[in-house]
There are 2 protein chains.
Amino acid sequence: MKIAIDAMGGDYAPSVVIEGTSIALKNHTDIEAVLVGHEEKIAPFMKKFGLENHPRVTVVHAEEVVEMGEPSIAALRSKKKSSITIAATLVAKGEADAVVSAGHTGAAVAATKVKIRTLPGIERPAIATIMPAKGGKFILCDAGANTDCKPENLAQFAIMAEAYSRLTFGIKEPKIGLLSVGEEDAKGNELTKETFKLLSKMPINFIGNIEGNDMYSKKADVVVCDGFVGNVVLKTSEGLANTLKGFIKDSFYKNVFRKILGALAKPVFNDLKAVTDKHEYGGAPLLGLKKPCIIGHGSSTPKAVCNAIRVASEFVKANINEKISKKIEDSNITMNS
Amino acid sequence: MKIAIDAMGGDYAPSVVIEGTSIALKNHTDIEAVLVGHEEKIAPFMKKFGLENHPRVTVVHAEEVVEMGEPSIAALRSKKKSSITIAATLVAKGEADAVVSAGHTGAAVAATKVKIRTLPGIERPAIATIMPAKGGKFILCDAGANTDCKPENLAQFAIMAEAYSRLTFGIKEPKIGLLSVGEEDAKGNELTKETFKLLSKMPINFIGNIEGNDMYSKKADVVVCDGFVGNVVLKTSEGLANTLKGFIKDSFYKNVFRKILGALAKPVFNDLKAVTDKHEYGGAPLLGLKKPCIIGHGSSTPKAVCNAIRVASEFVKANINEKISKKIEDSNITMNS
């Protein structure tokens with residue numbers, strides 16, 4: 001199984017990406033890596049992390065890289081030789097089975113959508129992120145692929161994330177909630193009010209609107225929203241978790257007695273870290289494409305990159321994209337608009 | 001100074017509202033309370049909390065109450081005798097100086113907008129909520145009054161919240177950030193991209209887009225967003241803070257040693273509670289009206305109601321609405337659209 005990896009994607013690329021790939025290859029002997037990036041720039045790191053002449057590594061040269069500040073569509077048009085475009089093309093041609101990128105999210109979405117294409121009936125792919133909650137986990141979809149959405153898009157996100165949650169969590173009837181500003185049907189903005197009507201008619205276990213606080217008490221297995229709201233939720237949660245940890249740390253530093261307590265309480269904070277560590281999952285799938293694409297966090301660590309590669313291989317092995325496609329066909333809903 | 005209080009507003013009304021009013025009257029001898037609600041329903045609580053025949057309490061009867069599930073505009077039209085409408089009317093007529101409600105937010109916004117009216121040049125009022133951050137506080141605006149907004153609305157929220165932050169935090173040049181999904185100008189949805197252009201031209205210290213995680217590191221003094229996103233941020237933050245506290249608590253209960261540690265670390269958790277306690281501020285002002293209106297959380301405690309009444313009295317004393325009005329005139333921007 002071959003995974004195409006955007007070696008230039010991420011805040012600390014290519015170093016972190018190549019280190020993460022090296023760990024993934026050690027841990028998973030069935031994975032072959034196709035590193036896509038600027039040969040000269042990645043060469044020193046290939047050497048550093050022992051990937052030079054590695055039997056399961058191929059390098060494909062990419063002259064360009066999409067920088068974080070660039071508009072996605074313009075970058076896709078002007079930089080035809082960017083690492084993400086070439087990686088997506090390899091998958092489209094069948095020369096790799098999945099793509100992993102921790103770079104510019106918008107560019108990864110645009111490149112894979114154009115090159116790999118969406119599944120029949122799906123207008124737009126969406127990012128599905130696994131989030132921690134009280135007594136379990138939930139999937140947030142879309143977590144940032146689509147900033148402006150129509151109700152039909154959100155309905156498709158619901159179908160895709162429902163299929164993904166069945167496969168990932170093994171739940172028979174995943175509870176689908178629509179993120180809004182009140183539980184009542186009448187609450188929400190124009191987008192969620194229209195989406196509410198669509199979801200109510202669909203053959204899924206739609207539990208209605210859920211509010212931001214309900215997500216973390218695990219009221220739903222899947223929380224559906226547009227990518228702007230989803231990304232704000234994701235980043236807000238990250239920021240708040242870090243700030244609260246900081247408050248606790250500062251408070252434990254107030255005096256010597258508390259410092260000792262803090263040191264003794266370390267296992268508690270390790271428990272907390274295990275739940276809130278964004279690098280644990282490593283990447284979030286872009287659902288709705290014909291082949292798997294895993295999007296990593298821009299600030300991915302080597303461990304996160306390694307986990308993203310593992311998730312990509314699991315998607316390939318479990319044929320998740322085909323299963324989502326079947327689910328969409330079975331639900332017999334034409335949502336192209 | 002007379003504060004009109006919606007005695008029927010909130011999940012635990014009228015009991016909690018009347019208890020909170022009773023505390024406020026004890027703590028602030030310059031405040032007179034006008035309790036607006038169903039006389040028969042509030043009578044037992046008036047007795048219980050010692051407000052019967054209180055020299056600084058008047059009761060104004062309201063036959064109806066807007067229930068949490070009702071659409072705001074429909075409720076405003078059909079329930080002309082609701083407690084929030086009557087409370088707003090008292091302020092409009094000059095029979096009270098400010099209004100406080102912990103009830104249906106949409107109904108409070110609609111009733112005060114129609115009865116009290118907005119300041120000249122302001123199309124829509126917005127909720128400004130004070131949020132905790134690393135090393136300080138920031139104002140989130142709009143935190144839930146307007147679910148669907150135009151760029152001009154967000155520009156007005158920026159002006160109003162800027163004036164409020166000057167007055168509340170005493171900052172000379174408050175940093176104004178636009179909540180978006182990336183720091184770069186090109187990132188965002190259609191609404192934020194257009195708003196970015198407007199804010200760039202305004203005589204404020206606009207620092208550009210900020211992401212969810214930046215809010216909690218206090219990158220900006222004011223974070224501007226539409227009311228749907230703002231409310232999702234508010235509720236998500238509440239839910240996550242509670243869940244993380246729950247994780248820590250559970251982890252401290254894992255064994256006897258940890259239980260002892262947890263008991264010893266209580267002052268640390270009291271520190272944390274002081275920062276994250278939503279009842280500390282009690283209420284958030286609805287900026288942009290001719291007279292002060294303070295919106296409380298639906299789940300307000302008596303302490304929260306008391307604090308909301310205190311905030312209302314501070315708004316009256318400091319003439320904050322007039323100052324916002326002057327700031328808008330001075331900025332010489334016509335934003336009505």
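What you see is a predicted model; the values in this text were computed from it and never measured.

In this section: the sheet that holds strand 6 (residues 136-141) of chain A. All names here are of chain A. Taken together, the 11 strands give an open sheet; going across it, the order is 3-2-1-4-11-10-5-6-9-7-8, and neighbouring strands pair in mixed fashion. Each of the sheet's edge strands pairs with one partner strand only, and the pair in question is strand 3 (57-61) and strand 8 (205-210). Here the average twist between neighbouring strands, direction ignored, is 25°. Bridging between strand 1 (residues 2-6) and strand 4 (residues 98-101) involves three bridges; their strand directions are parallel. Along strand 4, the bridge assignment pairs Ala4 with Val99. Docked against the sheet, helix 1 (residues 15-27) engages strand 1 and strand 2 (32-37), running at close to 170° with respect to strand 2.

To continue, consider the interface of chain A and chain B. Chain A puts 49 residues into the contact, and the matching count from chain B is 49 residues. Mapped by element, the contributors of at least two residues to the side of chain A that touches chain B are helix 8 (212-215), helix 9 (227-252), helix 10 (256-264) and helix 11 (266-276) of chain A. With 19 residues, helix 9 of chain A is the single largest residue contributor to the side of chain A that touches chain B.

Residue and element names in this part refer to chain B. Residues of strand 11 (residues 293-296) alternate between two faces, with Cys293 and Ile295 on one and Ile294 and Gly296 on the opposite face, all of them buried. Alignment of strand 10 (residues 283-287) against strand 11, held across three bridges, turns out to be antiparallel. What sits directly across from Ala284, in strand 11, is Ile295. Remark: five residues form the turn of the hairpin made by strand 10 and strand 11, two consecutive strands paired antiparallel; Gly288 in that turn has positive phi of roughly 105°.

With that out of the way, let us pick up the sheet that holds strand 8 (residues 205-210) of chain B. Residue and element names in this part refer to chain B. Strand order in the open sheet formed by 11 strands is 3-2-1-4-11-10-5-6-9-7-8, with mixed pairing between adjacent strands. The sheet terminates laterally at strand 3 (57-61) and strand 8, the two strands that pair on one side only. Mean inter-strand twist for the sheet, computed between neighbouring axes without regard to direction, equals 25°. Across five bridges, strand 7 (residues 175-179) lies against strand 8 in parallel orientation. In the strand pairing of strand 8, Gly177 is matched with Gly208.

We now examine the nonpolar core. Residues Cys141 and Val224 of chain A together with Cys141 and Val224 of chain B are the most contacted members of the largest nonpolar core, which totals 224 residues. Leaving out residues up to four positions away in the same chain, Cys141 of chain B has contacts with Ala126, Ile127, Ala128, Phe157, Met160, Ala161, Val222, Val224 and Leu287 of chain B.

Looking now at the relation of the copies chain A and chain B. Two chain copies here: they are related by a rotation about an axis and a translation along the same axis. Overlaying chain A on chain B yields an RMSD of 0.0 Å, the required transformation being a rotation through 180° with an accompanying axial translation of 0.0 Å. Put plainly, the chains are arranged around a two-fold axis. The overlap is high: 100% of the interface residues of chain A also sit at the interface in chain B, so the same surface is used on both sides.

Our focus in this paragraph is unusual backbone geometry. Most peptide bonds are trans, and most residues other than glycine sit at a negative phi. Ala13 of chain A connects to Pro14 of chain A through a cis peptide bond whose omega is -5°. Here Pro14 of chain A shows up in the loop between strand 1 and helix 1. Backbone geometry places Arg117 of chain A, a non-glycine residue, at a positive phi of 75°. Considering the arrangement of structural elements, one finds Arg117 of chain A in the loop between helix 5 (105-115) and strand 5 (126-133). For Arg117 of chain A, a count of 15 C-beta atoms within 10 Å translates into the label partly exposed. Not every positive phi belongs to a glycine, and Lys218 of chain B is a case in point at roughly 60°. Note on Lys218 of chain B: 17 C-beta atoms within 10 Å, which makes it partly exposed.

Criteria and cut-off values
Residues numbered from 1 in each chain as written. Chains lettered and ligands numbered in written order. Predicted model: local features only at pLDDT ≥ 70, side-chain atom pairs only at ≥ 80, totals over all residues. Pairing = 2+ DSSP bridges. Helix = DSSP H or I, 4+ residues; strand = E, 2+ residues; numbered from the N terminus. Axes fitted to C-alpha atoms, helices over the stretch in contact; angles between N-to-C directions. Contact = placed C-beta atoms within 7 Å. Buried ≥ 20, exposed ≤ 12 C-beta atoms within 10 Å, placed from the backbone. Core = buried A, V, L, I, M, F, W, Y, C linked by C-beta atoms within 7 Å. Least-squares fit on C-alpha atoms with pLDDT ≥ 70 in both.

Fair warning: the whole summary comes from geometry, so function is off the table for now.
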